[in-house]
Amino acid sequence: MALTIDSAQNIFKETQLPSQIPATIALFDQLSVDDKLAYLWYAYTEMGKTITPAAPGAARLQLAESLLNQIKQMSPEEQTKVMRDLANRADSPISRSYGFFSVNTKLAFWFELGELMKQGVVAPIPANYQMSEGVKVVLETTQKLDAGQQITVLRNTVVDMGFDTSGMAPSSSKPTAEPAFERTSNAPKEVKIDGINEPAVTKYIEAMNADNFDAAVALFTDDGALQPPFHKPIVGKQAIGKYMREEAQGLNMMPKKGISENGPDGSKQLKITGVVETPWFGANVGMNIAWRFLVNPQGKIFFVAIDMLASPKELLNLGRK
Ligand code: 45D
C-alpha cells in the first residue's frame, strides 16, 4: 500500500493533546485592534523581565530598514495607524510589504519597532489606554503557559499580521537571501536518542544542527513532507528546503528519547520527544516538542511532523495507551 500524507499525519495520534497555544491565539483574535496591540506590548514587556530576545543583527534589520525608516518619519498618529493596519491585515502599502517579509524579518521588524517605542521615537501605547477585560483574560491565559509556549504565541501573532500576500508575486523579482542567524549557543555535536537507532532520524538532527539543509532534504523521499507546528504539510524536497532555509536556521535540536514501531510494509513510525532552542532566545527558552517520523522501507523520510507539546509531562508520553 502506498504511503499517503493523510495517513502519515495520523501516526501516534493518541499521544497528541490539544495545545493551549491555538486556544490563546483564538482569544487574542477576538480582541479589538487597539487591545491586540496593547496585549502584545504588555505580554512582550512582561516577558522581557525574565527573558529577552537576542538582537536580530544588522543584516536582518536591513531587510526591514526601508519600512522602519518610513515609520520613523511619520507623526505619532500615522505611526499608530500603521500598527493598526498591520494588526488588522489591512491592504496598505506598508502592510503589503510586511506581508512579503519572511517570519524572521517580521520578528526583527517588531523587535526594532519595540525598541523605538521604548525610546519614544515611535508612538507608544496611548497614555489614556484603559486595559479592557478581554486583554486581562488573554494576559492571564498567557501567564499560565511555559516560556516556550509564550514565545510561540507571540511569534504566531506576528506572522499573521500584515496583508495576506500568499498567492501574490513579490514586487521585486530578485528574492533576497535570508541572512545567516548566529547560533546563540553551540549546537550539540553528537546525537544520541534513547530507544532510537534509525540513521535517517539521527542524520536529520545532525544536518539540522549544522544548518546543512541540503543534507537534511536529501534524507526525504521526492514526495516527502514536513509538517511544522500548527501548519499544514509542506510537500516536496524543494519546498521543504526553502522552508528550512527561511525558518530553521540556527535552531539547536536536542532530541532525548523515542520509540520506533515497524509497519507491515517495512516502513517505520518513530516518535521522538526533546527540546529545541531558537536563536532568538538561545538556551534561555527550551521548547518541548515531538517529532513524528514515517520512514519508508528504503530508509527515506516520507513524513515528519513537529508538534509543540502540551506540557513537559508529554516528553515522557511516547507509547500507545
Ligand atoms: O504588535 O525539525 C510590540 C522546524 C508592540 C523545522 C510587538 C522545527 C506591539 C523542522 C511589543 C513591539 C522549524 C519546523 C508587537 C523543527 C506589537 C524541525 C513586538 C521547529 C508585535 C524542530 C513583539 C522549530 C515581538 C521551532 C518583538 C518550534 C515579539 C521553532 C517577538 C520555534 C517574538 C521558534 C519572538 C519560536 C519570538 C521563536 C522573537 C517560537 C520567537 C519565537
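What you see is a predicted model; the values in this text were computed from it and never measured.

J.: When you look at the domain arrangement of the protein chain in this model, what are you seeing that I'm missing?
T.: Often, the extent of an interface is quoted as the loss of accessible area on bringing the components together. As assigned here, the protein chain comprises domain 1 (5-17 + 180-316) and domain 2 (31-160). If you average the C-alpha positions of domain 1 and of domain 2, the two centres end up 29 Å apart. On the domain 2 side, the residues contacting the 20 residues of domain 1 number 20 residues. Interface of domain 1 and domain 2: buried area, both sides summed, is about 1500 Å²; carbon and sulfur atoms make up 63% of it. Among the ionic pairs, Glu247 bridges to Arg155, the shortest N-O distance being 2.7 Å. Across the domain 1-domain 2 interface, the total number found is six residue pairs in polar contact (both at pLDDT 80 or more). At the level of secondary structure, the elements contributing two or more residues to the side of domain 1 that touches domain 2 comprise helix 12 (237-247) and strand 5 (287-295). When grouped by side-chain class, the residues that make up the side of domain 1 that touches domain 2 number 12 nonpolar, six polar and two charged.

J.: So what exactly am I meant to see when it comes to the packing of aromatic side chains here?
T.: Describing an aromatic ring pair means giving the distance of the ring centres and the angle of the ring planes. Taken as a whole and assessed by the stated rule, the structure comprises eight aromatic pairs. Between Tyr98 and Phe101, the ring centres sit 5.9 Å apart and the planes meet at 55°, which makes this aromatic pair tilted. Relative to Trp280, the ring of Phe181 lies with its centre 5.6 Å away and its plane at 75°, an arrangement referred to as edge-to-face. Taken as a pair, Phe181 in the loop between helix 9 (147-160) and helix 10 (199-209) and Trp280 in the loop between strand 4 (268-277) and strand 5 lie far apart in primary sequence, 99 residues in all. Of the two residues examined, Phe181 and Trp280, each falls in the buried class. A network of ring pairs unites the aromatic residues Tyr98, Phe101, Phe109 and Trp110 as a single cluster. The ring of Phe181 carries Arg60 above its face, with NZ or CZ at 4.1 Å from the centroid.

J.: Can you help me understand the site of the ligand in this one?
T.: Neighbouring the ligand are 27 residues, the closest being Leu37, Leu40, Trp110, Tyr204 and Trp291. At a separation of 2.6 Å, an oxygen atom of the ligand approaches a polar side-chain atom of Tyr204. At 2.9 Å, a side-chain N or O of Trp291 approaches an oxygen atom of the ligand. Expressed as a share of its isolated accessible area of 1000 Å², the protein-covered part of the ligand is 97%. By residue class, the composition of the shell around the ligand is 23 nonpolar, three polar and one charged. Both domains that meet at the shell around the ligand, namely domain 1 (5-17 + 180-316) and domain 2 (31-160), each give it at least three residues.

The rules behind the values
Residues numbered from 1 in each chain as written. Predicted model: local features only at pLDDT ≥ 70, side-chain atom pairs only at ≥ 80, totals over all residues. Heavy atoms only, no water. Domains from an automatic or database assignment. Contact = heavy atoms within 4.5 Å. Buried area = accessible area lost by both parts, 1.4 Å probe. Salt bridge = Lys/Arg side-chain N within 4 Å of Asp/Glu carboxyl O. Polar contact = N/O pair within 3.5 Å; in protein donor to acceptor, adjacent residues only side chain to side chain. Helix = DSSP H or I, 4+ residues; strand = E, 2+ residues; numbered from the N terminus. Nonpolar A, V, L, I, M, F, W, Y, C, P; charged D, E, K, R; others polar. Phe/Tyr/Trp six-rings, centres within 6.5 Å; stacked < 30°, edge-to-face > 60°. Buried < 20%, exposed > 50% of the residue type's maximum accessible area, 1.4 Å probe, protein only. Lys NZ or Arg CZ within 6 Å of the ring centre and 35° of its normal. Near = heavy atom within 4 Å. Areas by Shrake-Rupley, 256 points an atom, 1.4 Å probe, with all protein chains shown as cover.

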